[in-house]
Amino acid sequence: MRNRLCMLFLAFLMFANGIVFSANVTVPSLELYTRGVNSGGTFAFETEGDMDLLVEGGYKFGGLVVLNYTSTSLETPASGSGLTFKTARITQRELFGLPLSLSYFIGEGDTFCSGDIFPQYFGADPMATAYRGLMHFPEGIRYNGIHTLKGTGLQFDITPPGETLLLSFYLYQDSNIDSDSDPANFEAGYYSSDLRFALNFNKLKIETFVGATYPAPDSSPGYYRGGLLFYASEESVEFMAQVGIPQWSPLNDQFAMSLFYLLFEPRVKIGFLSIIPTFFWRPGYYNQQSTNEQAFDVNLNLLLGGTAATKVSGGLESNFSYQTESGGATVSEFRIRLSPYLQLLTSGVIWEIRVNGKLLPYSYSDLIECFFSARAEF
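An account of the accompanying structure is given in this report. Note that the coordinates shown come from a computational prediction; the quantities given were computed from them, not determined experimentally.

**What to know about the packing of aromatic side chains**
Thinking step 1. As enumerated under the stated definition, the model contains 19 aromatic pairs in all.
Thinking step 2. Between Phe 112 and Phe 209, the aromatic rings sit 4.8 Å apart at their centres with planes inclined by 35°, giving tilted as the arrangement. Taken together, the positions of Phe 112 in strand E5 (residues 100–112) and Phe 209 in strand E9 (residues 204–214) put the pair 97 residues apart, joining distant regions of the chain. Here Phe 112 matches Phe 209 in class, with each residue buried.
Thinking step 3. The interplanar angle of 35° and the centroid separation of 6.1 Å between the aromatic rings of Trp 351 and Phe 372 together place this pair among those described as tilted. Pair noted here: Trp 351 is in strand E19 (residues 349–360) and Phe 372 is in strand E20 (residues 368–377), with a separation of 21 residues, a long-range link.
Thinking step 4. Since its relative accessible area comes to 33%, Trp 351 is described here as partly exposed.
Thinking step 5. Judged by its relative accessible area of 37%, Phe 372 falls in the partly exposed class.
Thinking step 6. Three or more aromatic residues link up through ring pairs in this structure, and these residues are Tyr 131, Phe 137, Tyr 143, Tyr 261, Phe 280 and Tyr 286.
Thinking step 7. The lysine or arginine in question, Arg 196, covers the ring of Tyr 121, its NZ or CZ lying 5.7 Å from the ring centre.
Thinking step 8. Positioned over the ring face of Tyr 341 is Arg 354, at 4.7 Å from the centre of the ring.

**A look at the nonpolar core**
Thinking step 1. Core analysis: the largest hydrophobic core is formed by 25 residues, its most contacted members being Phe 118, Leu 229, Tyr 261 and Phe 280.
Thinking step 2. Elements with a minimum of two residues in this core: E5, helix H2 (117–121), strand E7 (165–174), strand E10 (223–234) and strand E12 (261–270).
Thinking step 3. Per-element tally for this core: the top contributor is E7, with three residues.
Thinking step 4. Every residue in contact with Tyr 261, bar those within four places of it in the chain, is listed here: Tyr 143, Asn 144, Gly 145, Ile 146, Gln 242, Val 243, Gly 244, Pro 246, Phe 280, Trp 281, Pro 283 and Tyr 286.

**Here's the deal with the environment of Thr 47**
Thinking step 1. Tracing the chain through its elements places Thr 47 in strand E2 (residues 42–57).
Thinking step 2. Reaching out from Thr 47, the side chain makes a polar contact with the side chain of Thr 34 at a distance of 3.0 Å.

**Structural notes on the side chain of Asp 174**
Thinking step 1. Among the structural elements, Asp 174 can be located in strand E7.
Thinking step 2. Of the side chains with opposite charge, Arg 225 comes closest to the buried, unpaired Asp 174, at an N-O distance of 4.5 Å.
Thinking step 3. Side-chain polar atoms of Asp 174 contact the side chain of Ser 192, separated by 2.6 Å.

Rules used throughout
Residues numbered from 1 in each chain as written. Predicted model: local features only at pLDDT ≥ 70, side-chain atom pairs only at ≥ 80, totals over all residues. Heavy atoms only, no water. Phe/Tyr/Trp six-rings, centres within 6.5 Å; stacked < 30°, edge-to-face > 60°. Helix = DSSP H or I, 4+ residues; strand = E, 2+ residues; numbered from the N terminus. Buried < 20%, exposed > 50% of the residue type's maximum accessible area, 1.4 Å probe, protein only. Lys NZ or Arg CZ within 6 Å of the ring centre and 35° of its normal. Core = buried A, V, L, I, M, F, W, Y, C linked by side-chain atoms within 4.5 Å. Contact = heavy atoms within 4.5 Å. Polar contact = N/O pair within 3.5 Å; in protein donor to acceptor, adjacent residues only side chain to side chain. Lys, Arg positive; Asp, Glu negative; His and termini not counted. Salt bridge = Lys/Arg side-chain N within 4 Å of Asp/Glu carboxyl O.

Pasting the structure below:
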């Protein structure tokens, strides 16, 4: 029933687009990841796919619908969840002749402090960390930014001339709240608001946000969150930091390090060589859910190439992780991984081959893990 309503909404929007303005259908995101693992004594490939289908039209009065197809195993057709509703948004720009936009949205909204806002809104060069998503977190939580909102509500954007400043305010019913750990059960009646500020200069970029959820399932004072992304560059040196608390309940949570999302990444370029160490402290909560894990990661990426002028790049990553909590249980486990990789940039597609050698904990049957990915950039 829910999918039928989504399709009807999409049909209505496309019909409206046909009357008011022409509709554009694009594929803004298409990613394929093939992972080679040892499964039951047999080395096998498992392919995960993710695609967004965007229907949009108009500028001053804009509407869009995003449908998503995700499958954790494309080799098994029944394993895919099919085409599902992801986002719908209707935007009125230049409200009252002012640099003010009003959007009504349903579904997945913006991600705070990932760094993606700068190329998306300001047209800046990408500066986000590569230490995120499936390639570095193939199992469990796919960390990307400090918080991603999801729900039904309103968004106000103030964008003064000059493409250097963005101020956004969100007020919505929060769909991330899930007190029984069943993502299929949407729980109505929990509301959130967030305030985000972004500043874009050539060598300095800042994004910060604060937010609150009230009421909360287990906390009468509600939940609170906030974060900061800082990026600075000077010639061959760059520095990026993500610091924040994805969720804090004053009633239930002691203010401690386990609440924090911390990622620090200095980058040094020496000719064709880039040295990129990443230090990441995983938070106890993420997107309004308990992560049931606590770990500190150190990732060292030695990259050759990777500039706009080079079509081929590659390097070696060494990853050290110390985990103190897994599945809600206290552990003390060291993990060491060594990963040579090769990237090829062709017209609109980034190809990558990566081999993960799991050195610790050592298991002969699970020593090697291979990745092959193709990410289309439209």
